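Architecture at a glance
So you can see what is in the structure, the chains are spelled out below.
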Amino acid sequence: QTRTPIFPLFLSLGYGISGGFMLPIFLNILIAVATVFLVFEGALYFSKNNKIALAVAALYVLLFYRAYAPNLFLADTLFNFLFTLFIFYFLQGS
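Residues numbered from 1 in each chain as written. Predicted model: local features only at pLDDT ≥ 70, side-chain atom pairs only at ≥ 80, totals over all residues. Heavy atoms only, no water.

1. Examining the packing of aromatic side chains
Under the convention used in this document: The pairing test for Phe, Tyr and Trp rings, Trp by its six-membered ring, is centres within 6.5 Å, and the orientation test on the planes gives stacked under 30 degrees, edge-to-face over 60, and tilted for anything in between. In this scheme, a residue with accessible area under 20% of its type's maximum is buried, one over 50% is exposed, and one in between is partly exposed, where area comes from a 1.4 Å probe on protein chains only. Both a distance and an angle decide whether a charge sits over a ring: NZ of Lys or CZ of Arg must be within 6 Å of the ring centre and within 35 degrees of the ring normal.
Tallying each qualifying case throughout the model produces six aromatic pairs. For the pair Tyr15 and Phe21, a centre-to-centre distance of 4.8 Å together with 35 degrees between the ring planes defines the contact as tilted. A relative accessible area of 40% means that Tyr15 is categorised as partly exposed. Between Phe88 and Tyr89 the ring centres are 5.5 Å apart and the planes differ by 70 degrees, which places this aromatic pair in the edge-to-face class. In this structure, Lys48 is placed above the aromatic ring of Tyr45, and the distance from its NZ or CZ to the ring centre is 4.7 Å.

In structure tokens:
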């Protein structure tokens, strides 16, 4: 069984700092919000239209799994953020 290498480190650092799992959950929620911002910026890059970019970000927010996942200890939230961040910087460089 393979595991993501960064997520256990992320959890252990948050647990070590706060002594509980409230900090990692809070950071997961902040990462999910930052992902929505990056999705908005990526859609704005492609469409050049604020309304379309806002609609894309709203659709991303309204996905049930995206709204529910940050409260759980799943690596998906961190992976989506890092992948979206990679795409964002890739588009900025081109």
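2. Brief notes about the packing of helix α2 (residues 22–47) against helix α5 (residues 76–93)
Think of two packed helices as two axes; the pair is described by the angle between the axes and how far apart they sit. So the rule is basically this: To obtain each axis, a line is fitted to C-alpha atoms, and for helices this fit is confined to the stretch in contact; angles are then taken between N-to-C directions over 0 to 180 degrees. Each helix is a run of H or I in the DSSP string that is no shorter than four residues. Each strand is a run of E no shorter than two, and both are numbered from the N terminus. Oblique is the label for every angle not falling under 35 degrees (roughly parallel), over 145 degrees (roughly antiparallel), or within 65 to 115 degrees (roughly perpendicular). Here a crossing is taken to be left-handed if its near helix is turned anticlockwise relative to the far helix by less than a right angle, and right-handed if that turn runs clockwise. The contact criterion used is simple: two residues touch if any of their non-hydrogen atoms lie within 4.5 Å. Each residue is assigned to one class: nonpolar for Ala, Val, Leu, Ile, Met, Phe, Trp, Tyr, Cys and Pro, charged for Asp, Glu, Lys and Arg, and polar for all the others, Gly among them.
Two elements in contact, α2 and α5, have axes whose closest approach is 9 Å; the angle formed by their N-to-C orientations is 30 degrees. Judged by the inter-axis angle, α2 sits roughly parallel to α5. As for how α2 packs across α5, the hand of that crossing is left-handed. Along the contact surface, α2 presents Asn28, Ile31, Ala32, Ala34, Thr35, Leu38, Val39, Glu41, Tyr45 and Phe46, while α5 presents Thr77, Leu78, Asn80, Phe81, Thr84, Leu85, Phe88 and Leu91. Among the residues forming the contact of α2 with α5, the class breakdown is 12 nonpolar, five polar and one charged.

3. Looking at the nonpolar core
Generally speaking, nonpolar side chains in soluble globular proteins are found buried as a group. This is how the line gets drawn: Only buried residues count toward a nonpolar core, which is a set of Ala, Val, Leu, Ile, Met, Phe, Trp, Tyr and Cys residues joined through side-chain atoms within 4.5 Å.
Grouped together as the largest cluster of nonpolar side chains are nine residues: Phe7, Phe10, Leu11, Ile31, Leu38, Ala75, Leu78, Phe81 and Phe88. Breaking this core down by element, the ones donating at least two residues are α1 (6–18), α2 and α5. Among residues more than four places away in sequence, those in contact with Leu11 are Pro24 and Phe73.

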